[in-house]
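Summary of the model geometry
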Amino acid sequence: MKKLFFVAFFSFLQSAVFAQKNTDSLSLNIDSVINYKNIEDYTMIFIDSNGVFPVENISSSNFSPFNQYWNKKRIPRRLISKPAYLQFTLINNTDTDERVYFYPGMLYDGLDLFKITTDGKPGKVSNTKSKTGFVLLSIPSSQTVTYLLKLTFSKTDYNRISAVLIKPEYLENYKMELTDTYRDNRISSYILCGVLLMMILFALVNYFLNYKKEFLYFSLFAVCMFFLIFYSSYLSKKPGVVTAFFRSYFDLTLLITGNIFYLAFVRKFLDTKINHGKLDKLLKTTSLILMVMLLSFTYIHFATDNVQLGKFIENSMKIVALIIGVIFIIKGLRKKVVLINYIAIGSAAQIFFSVISLILILTQTKITSIFKSALFYFEISIVMAIIFFLLGLTYKNRRDLIEKIQEKETMKLEIEKKGFETRVEILKAQQEERNRISEDMHDDLGAGMTTIRLFSEIAKTKMGDHVMPEIEKISASANELLNKMNAIIWSMSNSNDSLGNMVAYIRSYALEYLENTGIDCKFSIPETLPNIEVPGEIRRNIFLVVKEALNNIVKHSGASQVKIILEKHYEGFALIIHDNGHGIDLEKIRQFGNGLKNMKKRMDSVDIDFSIENKNGTVLRLYRKTRP
């Protein structure tokens, strides 16, 4: 039984090797190659599906006709990690050595060329491990050479096996023919890359201006997508190990790394840690899962030959990214939050165009225009997502800027308010001190001056007709000083800070001052006065100007009548003092020079217009605006 089992097992191993029959390779005359030639009909293939045959014994394996091999357009995943061999024979009947390039298709991690020697063993040709995807063959004159090319497949689903001979002078043209069908797609890709580059620069400038991490994450995401689109287009249909590495590993790494940065961008952009706790946990968990899966994929890709497990992890990462995108779209569109809606719409656009791209890949649609290219729709999906993300960033940046300006204005108003309150407190303290001083002056100095005046009057009475001039001067000085002190006390007390109080005080003073001068004093005041606050400094300066004006009228005008008029205007009030004297001579103003200058100076200090003119007597006018 054991023997029968061993024989059956050995037969199974032999049958698992892709070999139909042992056929000698057909020979091809190199003269038949004009520019390039497909030699699939002259080529044999053998895939060591069990990986048990050493290279030195591979010539004795059962090779199959290459034109009958049905998997040459898509190598099954279970065979990707196995070595494959192409064998063909070339004849050079010319008198010179011939050189020709062999193109085995794409994508390969390694190409090793051997020559079959006279004893049937393969001998490795020096310096033949091609990195460009094209293998240079040298056929000596008048010789027949059988070549054996070992193919090491790249760990991707896009491997293609071909057998083409290309003349050296036609090699560049052949490369152009390989990529010619992608020319329009490549142009559009480069345009999209330019758009992406502008977005990256915009995000980086905003990051360095504001140091907001969402702009940094966005730019890193956009950088990953930029390189993904650029290399996907640039390396399209280009053979070589660089393309193989990109297709088998690096494109997925860029995609998943970009998604991780995208999730970080969304978390920071929406501030999910504070505003959306459940969503934050979901995005954070997804990021960790993708990181672990990417690390696992990296280890399997470089450290093992388990292609199917690597592809399973690759597809799982894409499914996880798709699921989280769908969940976010559903949640985002339900919420009436502008920032979330921007991201949700961008994700929806990305998934929509990605689905179109996937459909074109699965249906193997022939690329006859850019609109039938799966790569084009994949690129559009990325750019559409980034555009909406950028719109969201711009909206948030504008909103944050407005909030920052409002915050600054609020702080400014708060500072101004505090400053105003401080000034009010200072003014209040000053006014309280003035009130105290005025009260002390009234109670102490006023009483003292009244006593001096009283005693001087008593002394005058007792002296009868022999009153001493000094006693008379003491009485007059005491009386004058008492009046001045009363004026100071009146101006210092904030209880008098009103227009009505000021007018009443001026009226009382004028009537008393002109009582025994022979000058009739008349007042014209509006029936109602608005409750306008007139600070002590303004009241005092106006009163002193009125006092000086009345003094000039008594001494110099020769008037028999004076009118004091308060006029109400739309923008303010005017106080007019008009006498019927001979009037002021403005050309001979020396005698009034200092007095007029002092009056104007006082009015300028409190922002009151001062004017004087000769119009049927002297007219002095004070005007102050109360409205802006």
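1. Notes on the overall build of the protein chain
- Scanning the protein chain from terminus to terminus reveals 15 helices and 16 strands.
- Considering the protein chain as a whole, with its 628 residues, one finds that 43% of them fall into the buried category.

2. Concerning the nonpolar core
- Counting 58 residues, the largest nonpolar core has Tyr262, Phe265, Met317, Phe328 and Ile386 as the members making the most contacts within it.
- Those elements giving two or more residues to this core turn out to be α4 (183-210), α5 (213-234), α6 (241-270), α8 (277-303), α9 (307-334), α10 (338-362) and α11 (374-463).
- Ranked by the residues each element gives to this core, the list is headed by α6, at 13 residues.
- The next biggest cluster of nonpolar side chains, apart from the first, holds 35 residues, and it includes Val503, Val545, Phe573 and Phe610.

3. A word on the pattern of salt bridges
- The final tally for this structure, using the stated rule, is ten salt bridges.
- A salt bridge links Lys311 to Glu314; the shortest N-O distance between them is 3.2 Å. One end of the pair is Lys311 and the other is Glu314, both in helix α9 and three residues apart, which spans about a single turn. As far as the burial class goes, Lys311 and Glu314 line up, both buried.
- Each of Lys311, Glu314 and Lys318 takes part in one network of salt bridges that share partners.

4. Some thoughts on the packing of α8 against α9
- Interaxial distance between α8 and α9 falls to 9 Å at its minimum, and their mutual angle equals 165°. The pairing of α8 with α9 is recorded here as roughly antiparallel in orientation. Between α8 and α9 lies a crossing of left-handed hand. Where α8 abuts α9, its residues Leu279, Leu282, Leu283, Thr286, Leu290, Met293, Leu294, Ser296, Phe297 and Ile300 lie against Leu309, Gly310, Ile313, Glu314, Ser316, Met317, Val320, Ile324, Ile327 and Phe328.

5. Quick word on a positive patch on the surface
- There is a patch of like positive charges on the surface, built from Lys278, Lys281, Lys331, Arg334 and Lys335.
- When residues of the positive patch are traced back to their parent elements, those giving at least two are α8 and α9.
- Its place among the elements puts Lys331 in helix α9.

6. Observations regarding the sheet that holds strand β14 (residues 572-579)
- Pairing within the open sheet is mixed, and its five strands lie in the order β12-β13-β14-β16-β15. A single partner strand is all that each edge strand has here, and the edge strands are β12 (520-524) and β15 (609-614). Between one strand axis and the next, the sheet turns through 15° on average, direction left out of account.
- Sheet topology note: the β15/strand β16 (residues 618-625) ladder contains six bridges and is antiparallel. Directly across from Ile612, in β16, lies its bridge partner Leu620.
- Contacts from helix α13 (residues 499-513) reach β12, β13 (561-568) and β14, with the element oriented near 165° to β12.

7. Observations regarding the packing of aromatic side chains
- Enumeration according to the criterion identifies 30 aromatic pairs in this entry.
- Considering the side-chain rings of Phe88 and Tyr147, the 5.8 Å spacing of their centres and the 35° angle between planes classify their relative orientation as tilted. With Phe88 in strand β5 (residues 84-92) and Tyr147 in strand β10 (residues 143-153), this pair connects stretches of sequence that are 59 residues apart.
- For Phe88, a relative accessible area of 1% corresponds to the buried category.
- Over the face of the ring belonging to Tyr234 we find Lys238, whose NZ or CZ atom lies 3.6 Å from the ring centre.
- It is Arg507 that lies over the ring of Phe523; its NZ or CZ is 5.7 Å from the centre.

8. A short note on helix α14 (residues 536-557)
- For α14, which comprises 22 residues, the first-to-last C-alpha distance of 30 Å matches the rise-based estimate of 32 Å (1.5 Å per residue) to within 8%.
- Gly558 occupies a position one or two residues after α14 and carries a positive phi of about 70°.

9. Details of the confidence of the model for the protein chain
- Mean pLDDT over the protein chain works out to 81, with 84% of the residues at or above the 70 mark.
- The low-confidence segment residues 1-25 (pLDDT under 50) makes 33 contacts with residues lying over four places distant or belonging to another chain.

10. Some thoughts on the packing of α6 against α9
- Where α6 meets α9, the closest approach of the two axes is 11 Å, and the angle between their N-to-C directions is 25°. Relative to α9, the element α6 is oriented roughly parallel. The handedness of the crossing between α6 and α9 is left-handed. In this structure, α6 uses Leu252, Ile256, Asn259, Tyr262, Val266 and Leu270 to contact α9, whose residues at the interface are Glu314, Met317, Lys318, Ala321 and Phe328.
- Looking at side-chain class alone, the contact of α6 with α9 contains eight nonpolar, one polar and two charged residues.

11. Concerning the pairing of strand β3 (residues 43-47)
- Most of β3 is tucked away: five of the five residues are buried.
- Taking every second residue as pointing to the same face, both faces of β3 are buried, with Thr43, Ile45 and Ile47 on one and Met44 and Phe46 on the other.
- Where β3 meets β5, five bridges bridge the pair, whose relative direction is antiparallel. Across the sheet, residue Thr43 finds its bridge partner in β5, namely Phe88.
- Here β3 pairs with strand β4 (residues 64-65) via two bridges, running antiparallel. Bridged to Met44 within β4 is Pro65.

Here is what the cut-offs are and how they apply
- Residues numbered from 1 in each chain as written.
- Predicted model: local features only at pLDDT ≥ 70, side-chain atom pairs only at ≥ 80, totals over all residues.
- Heavy atoms only, no water.
- Helix = DSSP H or I, 4+ residues; strand = E, 2+ residues; numbered from the N terminus.
- Buried < 20%, exposed > 50% of the residue type's maximum accessible area, 1.4 Å probe, protein only.
- Core = buried A, V, L, I, M, F, W, Y, C linked by side-chain atoms within 4.5 Å.
- Salt bridge = Lys/Arg side-chain N within 4 Å of Asp/Glu carboxyl O.
- Axes fitted to C-alpha atoms, helices over the stretch in contact; angles between N-to-C directions.
- Parallel < 35°, antiparallel > 145°, perpendicular 65-115°, else oblique.
- Left-handed = near helix turned anticlockwise from the far one by under 90°.
- Contact = heavy atoms within 4.5 Å.
- Patch = residues over 30% accessible without salt bridge, like charges linked within 9 Å, V, L, I, M, F, W, Y side chains within 5 Å.
- Areas by Shrake-Rupley, 256 points an atom, 1.4 Å probe, with all protein chains shown as cover.
- Lys, Arg positive; Asp, Glu negative; His and termini not counted.
- Charge placed at Lys NZ, Arg CZ, Asp CG, Glu CD.
- Pairing = 2+ DSSP bridges.
- Phe/Tyr/Trp six-rings, centres within 6.5 Å; stacked < 30°, edge-to-face > 60°.
- Lys NZ or Arg CZ within 6 Å of the ring centre and 35° of its normal.
- Expected span 1.5 Å × (residues − 1).
- pLDDT = per-residue confidence, 0-100.
- Nonpolar A, V, L, I, M, F, W, Y, C, P; charged D, E, K, R; others polar.

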